[in-house]
Amino acid sequence: MAMAYEAATAPAGRINDPAAGYDRLWHEVLVDITIIGVLFAVVMAWFLFRYRQKKPGEVGTAPPLSVASAVGWAVIPIFLFLADDLYLAANGWKLWNDYREVPADRLEVKLESGMYSWDYTYPNGVQAQNVLRVPAGKPVMLRMTSRDTLHSHYIPDFRVKEDSMPGRVTYLWFYPQKPGEHIVTCAEYCGVMHGYMAGKVVVLPEAEFKAWLEAEAAQQGAKAAAAGTATPAATAAKPA
Ligand SMILES: [Cu+2]
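Structure report, in brief. Computed from a predicted structure; not experimentally measured. (Residues numbered from 1 in each chain as written. Predicted model: local features only at pLDDT ≥ 70, side-chain atom pairs only at ≥ 80, totals over all residues. Heavy atoms only, no water.)

### Quick notes on the packing of aromatic side chains
Counted according to the given criterion, the structure contains eight aromatic pairs. Ring centres of Phe209 and Trp212 lie 6.1 Å apart, and the angle between their planes is 35°; this geometry places the pair in the tilted category. One end of the pair is Phe209 and the other is Trp212, both in helix H3 (residues 206–227) and three residues apart, which spans about a single turn. By the burial criterion, Phe209 is buried, and Trp212 matches it. Positioned above the aromatic ring of Phe49 is the side chain of Arg52, whose terminal nitrogen or guanidinium carbon lies 4.4 Å from the ring centre. Here the guanidinium or amino end of Lys161 rests over the ring plane of Tyr154, the centre of that ring lying 4.6 Å away. (Phe/Tyr/Trp six-rings, centres within 6.5 Å; stacked < 30°, edge-to-face > 60°. Helix = DSSP H or I, 4+ residues; strand = E, 2+ residues; numbered from the N terminus. Buried < 20%, exposed > 50% of the residue type's maximum accessible area, 1.4 Å probe, protein only. Lys NZ or Arg CZ within 6 Å of the ring centre and 35° of its normal.)

Next comes the structure, spelled out in structure tokens:
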């Protein structure tokens, strides 16, 4: 049996979009390192200027620091920067939990990756290859595995990337909020065609998505019935 990492479910009604959290934290990191970098550059430039050699052969005569100021120069910056590190780390931990806690109200799609395609299966049995259609305004969860080697399902626009592996079930979720198209690419080298292992997420208005899913179920069901094979889609297409 495949080893599954059980997904944590977020409290009802809570949707903490990881993409928004990722962008917020990344922005925060950029701001912080810019401030720290500028601060260091200014202090260093000032020291260079202040303690420059003014006459040829001049030797420095800086008075030794008092113990209090030596300790102050070491300890205060450490606490300032550590505080910032801890602040960023705490926010990173929160963001990680947002990535792991999947909203309860979601569309769950199975994904089997292989050399070289992304094969999706919807809850009603409809299958799709390389193009994942999803409704706008609903969190989407992928439960992933691989039939051969390692792949990584990466959707840059939604800031999600997760490995799929044979013998394991991993997951990711994202929150498509408005109709549009987003690139999917494989982010784990998987073979000579790795670079061509691209697909897309197509976000449709909810009604359009429902219509597509039903039409697809009917079509795939009819095809399977004609071929004499029972698939979940064939079952789903039969009127209850
Ligand atoms: Cu791949």
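### Concerning helix H2 (residues 67–100)
Over its 34 residues, H2 runs 48 Å from end to end, which matches the ideal 50 Å to within 8%, given 1.5 Å per residue. Regarding H2, the residues found buried are Asp84, Leu88, Leu95, Asp98, Tyr99 and Arg100. At its buried positions, H2 is contacted by strand E2 (8–9), helix H1 (18–50), strand E3 (101–102), strand E10 (160–164) and strand E11 (168–174). (Expected span 1.5 Å × (residues − 1). Contact = heavy atoms within 4.5 Å.)

### Structural notes on the pattern of salt bridges
Inspection of every chain in the model, using the stated rule, returns 11 salt bridges. Linking Glu108 and Arg106 is a salt bridge whose minimum nitrogen-to-oxygen distance equals 3.0 Å. On the accessibility criterion, Glu108 (28% relative accessible area) is partly exposed. Put simply, Glu108 and Arg143 hold a salt bridge, and the shortest N to O gap is 2.6 Å. Placement of the pair is Glu108 in strand E4 (residues 107–114) and Arg143 in strand E8 (residues 140–146), with a sequence separation of 35 residues. Through salt bridges that share partners, Arg106, Glu108 and Arg143 make up one connected network. (Salt bridge = Lys/Arg side-chain N within 4 Å of Asp/Glu carboxyl O.)

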